[in-house]
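# Reading the structure
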Amino acid sequence: QVQLEESGGGLVQAGGSLRLSCAASGSIFRAAAIVGWYRQAPGKQRELVARITSGGSTNYADSVKGRFTISRDNVQNTVFLQMNSLKPEDTAVYYCNVDKIYWGQGTQVTVSS
């Protein structure tokens, strides 16, 4: 059974940075085609933030381009999301996803103004 565990969330002031990590059980990241970070703010739908393919290609939501960076370490089975210049509108629960099948439990990110 695949397990994903996010960490690194917290409370930060606007303009600050956080680095999220998603650790997977087993070696799923080696075989996974796409690993993504999603977020869901209260009262809103879950949305894609960034994703990375097995070949290292990346895509970002327009709202985070230039501020967030997704990366993956297939040896350590970990995917990262470096978030810089955070804004209050980035406040949400952030989820890790593998191939749109497996989800982590989420980690809360709160950005104060």
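Here, the structure is the one placed above.
The text that follows walks through the structure, step by step, so that each part is easy to find. Everything quoted here is computed from the prediction, not taken from an experiment.

Looking now at the side chain of Glu-6. With respect to the element layout, Glu-6 can be found in strand β1 (residues 4–7). Despite being buried, Glu-6 has no salt bridge partner; Arg-46 is the closest side chain of opposite charge, sitting 7.5 Å away. At 2.7 Å, the side chain of Glu-6 and the backbone nitrogen of Cys-96 are in polar contact. Here Gly-106 takes part through its backbone nitrogen, which lies 2.9 Å from a polar atom of the side chain of Glu-6. Setting aside chain neighbours within four positions, we find Glu-6 in contact with Ser-21, Cys-22, Trp-37, Tyr-94, Tyr-95, Cys-96, Gly-104, Gln-105, Gly-106 and Thr-107.

It is worth spelling out the pairing of strand β8 (residues 78–83) at this point. Across the 6 residues of β8, 5 count as buried, placing the element largely inside the fold. Strand direction decides the pairing type here: strand β3 (residues 18–24) and β8, joined by 6 bridges, are antiparallel. Paired with Cys-22 across the strands is Val-79, a residue of β8. By the bridge criterion, 6 bridges tie strand β7 (residues 68–73) to β8 in an arrangement that is antiparallel.

Turning our attention to the sheet that holds β1. If you trace the 4 strands from one edge of the open sheet to the other, you get β1-β3-β8-β7, paired in antiparallel fashion. Strand pairing shows two members of the sheet lacking a second neighbour, β1 and β7, which therefore form its edges. Taken pair by pair, the neighbouring strands of this sheet meet at an average axis angle of 15°, ignoring direction. Two elements, β1 and β3, share 4 bridges in a ladder whose sense is antiparallel. From the neighbouring strand, Ser-7 faces β3, where its bridge partner is Ser-21.

Here is what the cut-offs are and how they apply
Residues numbered from 1 in each chain as written. Predicted model: local features only at pLDDT ≥ 70, side-chain atom pairs only at ≥ 80, totals over all residues. Heavy atoms only, no water. Helix = DSSP H or I, 4+ residues; strand = E, 2+ residues; numbered from the N terminus. Buried < 20%, exposed > 50% of the residue type's maximum accessible area, 1.4 Å probe, protein only. Lys, Arg positive; Asp, Glu negative; His and termini not counted. Salt bridge = Lys/Arg side-chain N within 4 Å of Asp/Glu carboxyl O. Polar contact = N/O pair within 3.5 Å; in protein donor to acceptor, adjacent residues only side chain to side chain. Contact = heavy atoms within 4.5 Å. Pairing = 2+ DSSP bridges. Axes fitted to C-alpha atoms, helices over the stretch in contact; angles between N-to-C directions.

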